[in-house]
Amino acid sequence: MASYTPMIEQYQNIKNQHPDEILFFRLGDFYEMFFEDAEVASRELEITLTGREAGQNTRVPMCGIPYHAVDNYLAKLIGKGYKVAICEQVEDPKSAKGIVRREVIKIVTPGTILSESCLPDKANNFLAVLYENEKNFVLAAADASTGECLWSSFNGWDRFNALADQLIRLTPAEIVLTGSCINNQAVQDELNGRLSYCTYTKLAVNDLQAIQCLPGQHFAAADLPQDPDSLLAVGYLLYYLHQTVKNDLSNINRLVEYSAVNHLLVDAASLRNLEVIRNTRDGSRKDTLLSVLDFTKTAMGSRLLKRWLEYPLLQPAKIIQRQDAVAALLDQATVRYTIQTALKNIYDFERIMTRIEVGTANGRDMIALKSSLTVLPAIKQQLTQINNALLNQIDNGIDRHDSLVELIESAIVDNPPFSVREGNIIKSGYHNELDELRHIATDSKQWVQNLETSERERTGIKSLKVGYNKVFGYYLEVTHSHAASVPSTYVRKQTLANAERYITPELKAFEGKILGAQEKIVNIEYELFCKIRDSIKEHMKEIQKTARHIAQLDCILGLSEAASQYNYVRPRIRTNRRISIKDGRHPVVERLLVREMFVPNDVELNHQDNEIMVITGPNMAGKSTYMRQVALLVLMAQVGSFIPAREAAISPVDRIFTRVGASDDLATGQSTFMVEMNEVAHILKHATKNSLIILDEIGRGTSTFDGMSIAQAVIEHIYEHIGAKTLFATHYHELTELAETNSRVKNFSVAVKERGNEVVFLRRIVPGGADKSYGIYVAQLAGLPKKTVERAKAILLQLEKNHSIPAKVTEAAATTSSGSMSLFTNAIIEELLSLDVMTITPIEAINLLYKLQTQAKEEVGQ
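Conventions adopted
Residues numbered from 1 in each chain as written. Predicted model: local features only at pLDDT ≥ 70, side-chain atom pairs only at ≥ 80, totals over all residues. Heavy atoms only, no water. Helix = DSSP H or I, 4+ residues; strand = E, 2+ residues; numbered from the N terminus. Buried < 20%, exposed > 50% of the residue type's maximum accessible area, 1.4 Å probe, protein only. Contact = heavy atoms within 4.5 Å. Areas by Shrake-Rupley, 256 points an atom, 1.4 Å probe, with all protein chains shown as cover. Pairing = 2+ DSSP bridges. Axes fitted to C-alpha atoms, helices over the stretch in contact; angles between N-to-C directions. Salt bridge = Lys/Arg side-chain N within 4 Å of Asp/Glu carboxyl O. Core = buried A, V, L, I, M, F, W, Y, C linked by side-chain atoms within 4.5 Å. Polar contact = N/O pair within 3.5 Å; in protein donor to acceptor, adjacent residues only side chain to side chain. Parallel < 35°, antiparallel > 145°, perpendicular 65-115°, else oblique. Left-handed = near helix turned anticlockwise from the far one by under 90°. Nonpolar A, V, L, I, M, F, W, Y, C, P; charged D, E, K, R; others polar. Phe/Tyr/Trp six-rings, centres within 6.5 Å; stacked < 30°, edge-to-face > 60°. Expected span 1.5 Å × (residues − 1). Arc of directions from axis to C-beta. pLDDT = per-residue confidence, 0-100.

Student: Would you explain the overall build of the protein in this entry?
Tutor: Along its length, the protein carries 30 helices and 27 strands. Of all 862 residues assigned to the protein, the portion counted as buried reaches 51%. At a minimum sequence separation of 6, the contacts of the protein that also span at least 24 residues come to 68%. Counting only carbon and sulfur atoms, one obtains 49% of the accessible surface of the protein, whose full area is about 41200 Å².

Okay, here's the thing in structure tokens:
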């Protein structure tokens, strides 16, 4: 067994307490890593791996980073999913007896990082804790950098999917598994498949009573969950934060429940298909609804707008209240411009307050906070000019914080240094003793100059000079050529190659005085800064409340600005379960068009005569754009935003479902068709009569008759069992026959104009079904070889002339009101008669349909 030095033994003892983290071990001006940590850090940070003598004939791997550059290296490691324990010297090395005492002062993980340079810009950085018992999942989440904290509970047979949707909205950087989740490998695998970018941590704590007490220490009793499981999940969240951040975390003082009852639910698949927050190409916010509507000026406002789009409102009164505020600011262009100009001077003081709380705020944070608070009176003055209930509430929620502005203005210099431990941060005139010491330090320069002049005159040595360095302090320097002229009162201090350095009693006394003053200046400044920081910390809740109201104001201003610049109109909010939009436009696509105008379209959905729109027409003609457009306009309306249309009257929907596009899931081995069927099954299980459903090309991932059968069965299920407002785009022109026997189904198509061999897509949705798909024309546009296109046309003509479907199958598949099953065998008839159509699930129906079709094919000899 190797024998290590005391320092390496100290390192190992601390490392044993943190086996899952890379240990940053402070040695002087560096954080050092040893053994396996050094090898990992060297590889991931691309720094040199060296070694250190760690005992007799023992050498261990080592690498290190400068302490002043730690944030850059932390960002790299955290970005790759690692956790880092920061171990600092907790006593002065000068007074230490033996090895300097060291302790881990914080653990930095992807979900608890607080360094500004490591946090995402204008986005939250959530830590999520997941708790499971036999009946439900509970999710508790917090952004430690802003103080936001929330929880949600999920029960019922589909609780995991609801939980996963919520996690995808939050996009947490780290998920902590507690309770039964720790040993539930199925849940872990499923989560990892859906949120592979997260870091996963398992947390088992025996002292549940201590965990249950933590929520009451942070939050008001009225905000606490009433059920024990939810309370426990919030307790686990706070426990993990305390164990990592190692602070009292008074900035986390407000707990919010996110419940489906109060919001329009848009599941993760629909958010993705509609490209509300992230686009489907690279996952960024470019060319998304968020990018179009985000006219916010503050990071706080941008984060809140994202949340509004992910959780639109459900209650008409709240939607109208937000609309009224948007309209009030839209009518006041001067007020809007003035407030937005002021908001540009507001920094992210939610995160500044967190840094104040944990003791990492510096002088620049104080100046940023002062700048932010300074503009609040002007904002409040502008708000008084508007008579609107919501804006008046926001005005009342914004405090001026004049006393804090005065404190920072009187105490902190305008351009403070980055470090708070090197002085030059406190203004002159703020503290008498500090001013006196600074006066001594300022006078010292003149004193040194006077001493140098007088000593030159007294000794006759014209080259004599007075100097200073950190090692030897102050000295008198004389070249060797003048050694004979040096007075006997000079005491030799250092010999150089061409000069001698001396000290005198007078200079020694001055040195003690001046160096003592400099040290006192730095210590006093740091103490004063800490007191100022603590004074501001006492106003934490009031400043956080102001920040929330500023974010809300910023969002409403942004929606007003979008309405002004894009010519949006206010949709009327109704409760008659109808959606009526005249000349609606796709909010994102119209912004991307440069050389052509966007063609607007109407939509009328109701439960009397236009509940399901079956939309046919060619590819590339705009069916998908139109359907997405309807969904986005409804979502925007329920956010409280104005929308791109000539006029609109919209009744809020409870959920928006979309099944658009084709993708597979290789990670779980699911084909494109299976992914499609899973999403359709999810929609049919969860949609209600108050939902909006968007379905595009259902059934295209399988054979023609399989796909057509599935598509028709899905429409019939929605019609008979759900009654939701639905837009259904398809290439199966045969489905247009459904409108003949179902009064609430209507056919629509994309208008097409043919000019000889050319086809023009007019982008207009018109009543009636299409009888062609123009697929060969689209293939020609895509650049298929001319011979291939001509051959495709010839094959199409042949298929249309000699229908490739056997006559017996066609006859057997045909249905009429009488004798529709005369060709089926008794076995098929018996199975159909035994079927309980009121309880069968969509997937079971599809499987049964496939089985019956196979039997029918066998009967007719196909």
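Student: What is the right way to look at the sheet that holds strand β1 (residues 22-27) in this model?
Tutor: Each strand in a sheet pairs with another by means of backbone hydrogen bonds, the pair being arranged parallel or else antiparallel. Ordered by their spatial adjacency, six strands build an open sheet running β3-β4-β2-β1-β5-β6, and the pairing between neighbours is mixed. Sheet topology places β3 (50-55) and β6 (102-108) at the edges, where each strand pairs with a single neighbour. Strand-to-strand twist across the sheet, computed as the mean angle between neighbouring axes with direction ignored, equals 35°. Here four bridges tie β1 to strand β5 (residues 84-89), and the two strands are oriented parallel to one another. When the sheet's bridge partners are listed, Phe-25 is paired in β5 with Cys-87. Across the face of the sheet, helix α2 (residues 35-45) comes into contact with β1, β2 (30-34) and β4 (58-66) while running at roughly 45° to β4.

Student: What is the right way to look at unusual backbone geometry in this model?
Tutor: In terms of backbone geometry, most residues other than glycine have negative phi values and most peptide bonds are trans. The phi dihedral of Arg-577 falls on the positive side, at around 65°, and the residue is not glycine. Note that Arg-577 resides in the loop between β18 (572-573) and β19 (579-584). Positive phi, close to 50°, is recorded for Asp-583, a residue that is not glycine. Considering the arrangement of structural elements, one finds Asp-583 in strand β19.

Student: Is there a simple way to explain the sheet that holds strand β22 (residues 647-650) in this structure?
Tutor: Judged by pairing direction, the sheet is mixed, and its four strands sit side by side in the order β18-β22-β19-β20 without closing on themselves. What marks the edges here is a single partner per strand, and that holds for β18 and β20 (601-605). Summarising the sheet, β19 and β20 pair through four bridges and their orientation is antiparallel. From the neighbouring strand, Gly-584 faces β20, where its bridge partner is Asn-601. Of the strands in this sheet, β18, β19, β20 and β22 are in contact with helix α22 (residues 623-639), which crosses β20 at around 70°.

Student: Would you explain the pattern of salt bridges in this entry?
Tutor: Pairing between side chains becomes possible if they bear opposite charge and their charged atoms approach one another. Using the criterion set out here, one finds 45 salt bridges in the structure. Of the charged contacts in the structure, one is a salt bridge between Glu-103 and Arg-101, with a shortest N-O distance of 2.9 Å. Among the residues examined, Glu-103 registers a relative accessible area of 40% and is labelled partly exposed. Residue Lys-508 pairs with Glu-511 through a salt bridge whose shortest N-O separation is 3.5 Å. Here Lys-508 and its partner Glu-511 are both found in helix α19 (residues 505-537), three residues apart, which amounts to about one turn of the helix.

Student: So what exactly am I meant to see when it comes to the nonpolar core here?
Tutor: A general trend in soluble globular proteins is that nonpolar side chains are found buried together. Judged by nonpolar contacts, the single largest core of 126 residues is most densely connected at Ile-379, Ile-536, Ile-656, Leu-692 and Leu-727. Considering each element in turn, this core owes the most residues, 13 residues, to helix α20 (residues 540-566). Leaving out residues up to four positions away in the same chain, Ile-379 has contacts with Ile-339, Ala-342, Leu-343, Ile-346, Ile-550 and Leu-553. The next biggest cluster of nonpolar side chains, apart from the first, holds 31 residues, and it includes Leu-224, Leu-231, Tyr-236 and Leu-241.

Student: Help me out: how do you make sense of the side chain of Asn-742 in this one?
Tutor: On the secondary structure map, Asn-742 appears in the loop between α25 (738-741) and β26 (745-755). Given the relative accessible area of 16%, Asn-742 is considered buried. In this structure the side chain of Asn-742 is engaged in a polar contact, spanning 2.8 Å, whose partner is the backbone oxygen of Leu-738. In terms of polar contacts, Asn-742 uses its side chain to reach the side chain of Thr-741, at 3.2 Å.

Student: Quick question: what am I supposed to make of the packing of helix α16 (residues 389-397) against α20 here?
Tutor: Helices that pack against each other are described as a pair by the angle of their axes relative to one another and the distance between those axes. Relative orientation of the contacting elements α16 and α20 amounts to 150°, with a least axis distance of 8 Å. As far as their axial angle goes, α20 and α16 are roughly antiparallel. Once α16 is placed against α20, the crossing between them reads as left-handed. Note on element contacts: α20 touches α16 through Lys-545, Thr-546, His-549, Gln-552, Leu-553 and Ile-556, opposite Leu-390, Leu-391, Gln-393, Ile-394 and Gly-397. Each residue belonging to the contact of α16 with α20 can be placed in one class, and the counts come to five nonpolar, five polar and one charged.

Student: Please clarify how the packing of aromatic side chains should be interpreted in this entry.
Tutor: Here a ring pair, both rings aromatic, is described through the centre-centre distance and the interplanar angle of the planes. This structure, assessed with the given rule, holds 15 aromatic pairs. Ring centres of Tyr-11 and Phe-25 lie 5.3 Å apart, and the angle between their planes is 80°; on these two criteria the pair is classed as edge-to-face. Of this pair, Tyr-11 sits in helix α1 (residues 6-16) while Phe-25 is found in strand β1, placing the two residues 14 residues apart along the sequence. Comparing Tyr-11 with Phe-25, the two get one shared label, buried. Between Tyr-131 and Tyr-236, the aromatic rings sit 6.2 Å apart at their centres with planes inclined by 25°, giving stacked as the arrangement. Pair noted here: Tyr-131 is in strand β7 (residues 127-132) and Tyr-236 is in helix α7 (residues 228-245), with a separation of 105 residues, a long-range link.

Student: Please explain helix α14 (residues 363-374) as it appears in this structure.
Tutor: Each α-helix winds once per 3.6 residues, and so residues spaced three or four apart point in a common direction. Taking 1.5 Å of rise per residue, 12 residues should cover 16 Å, and α14 covers 16 Å from first to last C-alpha, within 8% of that figure. Of all 12 residues making up α14, nine are buried, and the element is well covered by its neighbours. Among all positions of α14, only Gly-363, Asp-365, Met-366, Ile-367, Ala-368, Leu-369, Lys-370, Ser-372 and Leu-373 are buried. Those residues of α14 that are buried lie in contact with α13 (349-358), α15 (376-383), α17 (402-411) and α19. For α14, the side-chain oxygen to backbone nitrogen distance between the N-cap and Arg-364 is 3.0 Å, and the N-cap itself is Asn-362.

Student: In this structure, what is going on with the environment of Ile-394? I would like to understand it.
Tutor: Within the secondary structure, Ile-394 sits in helix α16. Distance from Ile-394 to His-549, taken between C-alpha atoms, is 5.5 Å for residues 155 residues apart in sequence.

Student: I'm lost on helix α5 (residues 185-194) in this one. Help?
Tutor: Within the sequence span of α5, burial applies to Val-187, Gln-188 and Leu-191. What you see down the axis of α5 is that its buried residues fit within an arc of 100°, all on one side. Along its buried surface, α5 packs onto β7, β8 (136-143), α4 (159-170), β10 (174-177) and β11 (199-202). At the N-terminal boundary of α5, the capping side chain belongs to Asn-184, with an oxygen 3.3 Å from the backbone nitrogen of Ala-186.

Student: Would you mind going over the confidence of the model for the protein with me for this structure?
Tutor: When pLDDT drops low, the exact placement of atoms in the prediction is not to be read closely. Residue-level pLDDT values for the protein average 87, and 89% of them are 70 or greater. Within the protein, no element has a lower average pLDDT than helix α28 (residues 807-813), which sits at 35, and none a higher one than β18, at 98. Contacts of residues 664-669 to residues separated by more than four positions or lying in other chains number six contacts, the stretch itself having pLDDT below 50. Low pLDDT, under 50, characterises residues 804-824; the predicted model gives this stretch 17 contacts beyond four residues in sequence or across chains.

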